[in-house]
Amino acid sequence: MKIVLATKNPGKLKELTELAKGLADRVELVLAPEEFDPEETGATYLENAIIKATAAAGMTNMISIADDSGLEVDAMDGRPGVHSARYCEGSDGDRRKKLLNELASVPEGKRQAQFVCCMAICDPSQSESIIYKAEGIWRGRIGFEERGAGGFGFDPIFYETDSDVTAAQLPAAEKNRKSHRGLAWQQVLSFLEKTLIR
Ligand code: IMP
């Protein structure tokens, strides 16, 4: 069975395909078509995931899976949250710098944060077309300096709880096992296995 991932990012396709190896003989994940470009106007990750899943399923008439994610900092009342990618103009590095500046006076012990990821599955043949929703949360803290060269986004300043290792220092397979996206994806895979591809 072919399932469309509601993204044009080949890196995401590769990562999620790798994590779905157990289903490889039954599921083929493909990228959304070139014209896929829905406006992410939702107020929550789940709303954005539903917008993207519905758009990809509508364009392809295939079952689709979408995700949306962000970083929530406790001392900033959950910001930047759903606006993480647009926290400020410029590069990922600019956004990390701005976040470290904003937290400059927040002491160790009050710098907890979490990555959150929501996923939605859309089946365009059903009248209630959103047939599954999942959420994954990865708790950690924002450090005082960048460490590591892996990952992307806020990874180099996101430290695991009770450790001095950042998400950017973890091997990809370990990050995928622990991360918000990996945890949401595990739930999606169990749903596919139980419900769609028995
Ligand atoms: P998206 O939902 O994958 O597009 O992610 C939205 C934004 O949240 C990204 O641009 C990053 O700033 C941040 N983000 C989400 N997941 C991660 C992660 O695993 N590591 C670092 N930053 C992330």
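Residues numbered from 1 in each chain as written. Predicted model: local features only at pLDDT ≥ 70, side-chain atom pairs only at ≥ 80, totals over all residues. Heavy atoms only, no water.

Some points on the pairing of strand β1 (residues 2-5)
- As paired elements, β1 and strand β2 (residues 28-31) share 4 bridges and run parallel to each other. Looking across to β2, one finds that I3 is bridged to L29.
- Running through helix α1 (residues 10-19), the crossover from β1 to the neighbouring parallel element β2 is right-handed.
- When β1 meets strand β3 (residues 64-73), the two strands line up parallel, connected through 2 bridges. (Pairing = 2+ DSSP bridges. Helix = DSSP H or I, 4+ residues; strand = E, 2+ residues; numbered from the N terminus. Right-handed = clockwise from strand over helix to strand, strands pointing away.)

Thoughts on the site of the ligand
- In the vicinity of the ligand lie 14 residues, with S69, D155, K175, H180 and R181 positioned nearest.
- Side-chain polar atom of K12 to an oxygen atom of the ligand: 3.2 Å apart, as the coordinates give it.
- Within the backbone of F154, an N or O atom sits 3.2 Å from a nitrogen atom of the ligand.
- Computed on the free molecule, the ligand has an accessible area of 480 Å², of which 87% lies beneath the protein chains in the complex.
- Listing elements by their share of the shell around the ligand, those giving two or more residues are β3 and α5 (180-196).
- Here the element with the most residues in the shell around the ligand is β3; it accounts for 3 residues.
- Along the lines of polarity and charge, the residues of the shell around the ligand split into 4 nonpolar, 5 polar and 5 charged. (Near = heavy atom within 4 Å. Polar contact = N/O pair within 3.5 Å; in protein donor to acceptor, adjacent residues only side chain to side chain. Areas by Shrake-Rupley, 256 points an atom, 1.4 Å probe, with all protein chains shown as cover. Nonpolar A, V, L, I, M, F, W, Y, C, P; charged D, E, K, R; others polar.)

Brief notes about empty space enclosed by the protein
- A complete count under the given rule lists 1 cavity of 30 Å³ or more for this structure.
- Taken as a whole, the largest cavity encloses approximately 50 Å³ of empty space.
- Lining the largest cavity, in full, are L5, A6, T7, K12, L16, I65, A66 and D67.
- Mapped onto the lining of the largest cavity, the elements with two or more residues apiece are α1 and β3. (1 Å grid on protein atoms, 1.4 Å probe; cavity = no way out; pocket = protein on both sides within 12 Å on 5 of 7 lines; lining within 4 Å. Points joined across faces, edges and corners; volume = space filled by probe spheres on them.)

Some points on the environment of G58
- With respect to the helices and strands, the residue G58 is situated in helix α2 (residues 45-60).
- Overall, the relative accessible area of 63% leaves G58 in the exposed class.
- Placed 66 residues apart in sequence, G58 and P124 show a C-alpha to C-alpha distance of 6.8 Å. (Buried < 20%, exposed > 50% of the residue type's maximum accessible area, 1.4 Å probe, protein only.)

A closer look at the layout of surface pockets
- Empty space within the largest pocket amounts to approximately 1100 Å³.
- In terms of lining residues, the largest pocket is bounded by 43 residues, among which N9, K12, S69, F152 and R181 are the most central.
- Of all the elements in the fold, those that place two or more residues in the lining of the largest pocket are α1, β3, α3 (92-102), α4 (172-178) and α5.
- No other element matches the 6 residues that α1 contributes to the lining of the largest pocket.

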